[in-house]
Amino acid sequence: MQLLRRGDSGPAVAEIRTMLTGYGLLPDVPGGRYHGAAQFDRDVEHAVRAFQQRRGLITDGIVGPDTYRALREARWNLGDRMLALMISAPISGDDVFALQERLLELGYDVGRPGGVFDEQTETGLRAFQRDYGLTPDGVCGPQTLRALRQLGRKVTGGRPGLLREQELLRRAGPRLRGKRIVIDPGHGGLDTGVSVAGVTEADLMWDLARRLVGRMSATGMEALLSRQEHSCPPENDRAAFANAAGADLVLSLHTDANRSMQAQGLATFHFGNGSGATSTVGEALAELIQRELLIRTSLLDCRTQPRTWELLRLTRMPAVRVEVGYLTNLGDRRKLLDPAFRDVVAEGILVGVKRLYLLGQNDQPTGTFTFSDVLARELGRNEARAM
């Protein structure tokens with residue numbers, strides 16, 4: 001879709017203004033609707049920023065695909081429409097999120113609530129309908145809604161979805177061997193991502209991904225790439241690939257850009273929608289990777305942050321996106337062009353993953369855990385020395 005920003009006008013801006021008004025972020029107008037000449041002015045920009053902040057989006061005041069999707073999804077309340085599994089065009093919205101939260105409270109496992117009606121949501125809904133004596137058709141209609149509203153919580157003492165995610169991590173054990181990780185090098189093919197002075201994000205992240213796959217495979221992990229070298233599947237397809245593969249974790253690799261050449265640094269992102277839904281394991285992994293890379297690379301700390309990007313939202317397992325420096329910053333770009341630096345980044349990410357599974361047991365201070373240490377723990381010290 002066309003990006004909408006301050007200074008734009010027309011029917012698309014009128015639609016945005018109408019939605020923002022409905023969410024209480026802009027004052028009402030006479031007649032209740034804007035017309036074709038609606039302006040994207042300063043008030044609209046401020047309202048868009050406020051909405052983006054609420055929804056875990058980048059607060060740039062620009063309406064792009066992610067913000068427009070979130071604006072449309074926010075209009076739905078549970079009960080506004082029938083909800084069911086649609087394979088070709090999955091239903092998404094705040095009503096789906098509310099349904100997922102309610103089923104989790106009642107003790108039905110629908111995975112992490114992301115606001116998309118997927119197979120796991122349908123399975124949980126059918127189980128609820130069966131237990132309550134309803135026709136288990138997987139459709140959330142009036143009878144099912146009535147039953148959902150009549151029942152009290154079965155799960156107390158925390159958010160059940162988060163507790164399940166943490167318990168799965170605990171049961172996984174400290175060893176890396178046998179764990180399946182999807183590595184997602186950003187962009188690819190005709191979509192080069194950030195491109196500066198002949199250096200492209202897609203090429204750099206492909207190289208970094210291959211280095212990371214090599215190290216993870218050496219530990220006994222099964223590391224899968226989300227794309228081929230010269231392809232660029234959309235984010236929802238990358239998420240579907242990770243889900244179909246039954247991955248334990250997803251690691252997405254990117255660099256950043258900014259109009260200011262002074263912008264620089266490292267940031268990691270995990271799923272979080274600004275309304276309480278989050279991935280606790282994803283957040284923990286993001287923080288571990290952030291700390292490891294900061295001490296190893298001396299990049300500026302741009303912190304860990306929650307986002308609702310498609311790859312983070314649609315994956316059923318914890319997912320983290322790492323933004324390794326700004327290609328538009330000369331210092332960061334020089335580091336990224338150094339193969340030895342990319343080796344350091346790959347090692348830091350691997351160590352972050354290992355620390356996640358250690359759960360704080362038999363750990364070492366940040367920055368002191370090496371690839372050799374990881375191999376020694378995974379393969380036995382004599383075998384690791386031979387490698």
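Rules behind the numbers
- Residues numbered from 1 in each chain as written.
- Predicted model: local features only at pLDDT ≥ 70, side-chain atom pairs only at ≥ 80, totals over all residues.
- Heavy atoms only, no water.
- 1 Å grid on protein atoms, 1.4 Å probe; cavity = no way out; pocket = protein on both sides within 12 Å on 5 of 7 lines; lining within 4 Å.
- Points joined across faces, edges and corners; volume = space filled by probe spheres on them.
- Helix = DSSP H or I, 4+ residues; strand = E, 2+ residues; numbered from the N terminus.
- Nonpolar A, V, L, I, M, F, W, Y, C, P; charged D, E, K, R; others polar.
- Buried < 20%, exposed > 50% of the residue type's maximum accessible area, 1.4 Å probe, protein only.
- Contact = heavy atoms within 4.5 Å.

For the chain, the name recorded in an unreviewed UniProt entry is N-acetylmuramoyl-L-alanine amidase, with Pseudonocardia hispaniensis as its organism.

Below, the discussion takes up the layout of surface pockets. One number sums up the size of the largest pocket: a volume of about 1,400 Å³. Looking at the largest pocket, it is lined by 44 residues, and the ones nearest its centre are I58, D60, D256, W309 and R321. Where the lining of the largest pocket is concerned, the elements lending two or more residues are α2 (42-54), α3 (65-73), α9 (235-245), β5 (249-256), β6 (266-271), β7 (301-307) and β8 (319-326). For the lining of the largest pocket, the residue count by class is 17 nonpolar, eleven polar and 16 charged. Looking at the second largest pocket, its volume works out to about 670 Å³. Together, 31 residues line the second largest pocket, and P90, V116, F117, D118 and L314 are the ones closest to its centre. Elements with a minimum of two residues in the lining of the second largest pocket: α3, α5 (119-131), α9 and α11 (310-314). A per-element tally of the lining of the second largest pocket places α9 first, with five residues. Across the lining of the second largest pocket, the residue classes break down as eleven nonpolar, eight polar and twelve charged.

With that settled, consider α3. Looking at α3, one finds that the buried residues are T67, R69, A70, L71 and E73. If you follow the buried residues of α3, they end up packed against α1 (11-22), α2, α4 (94-105) and α11.

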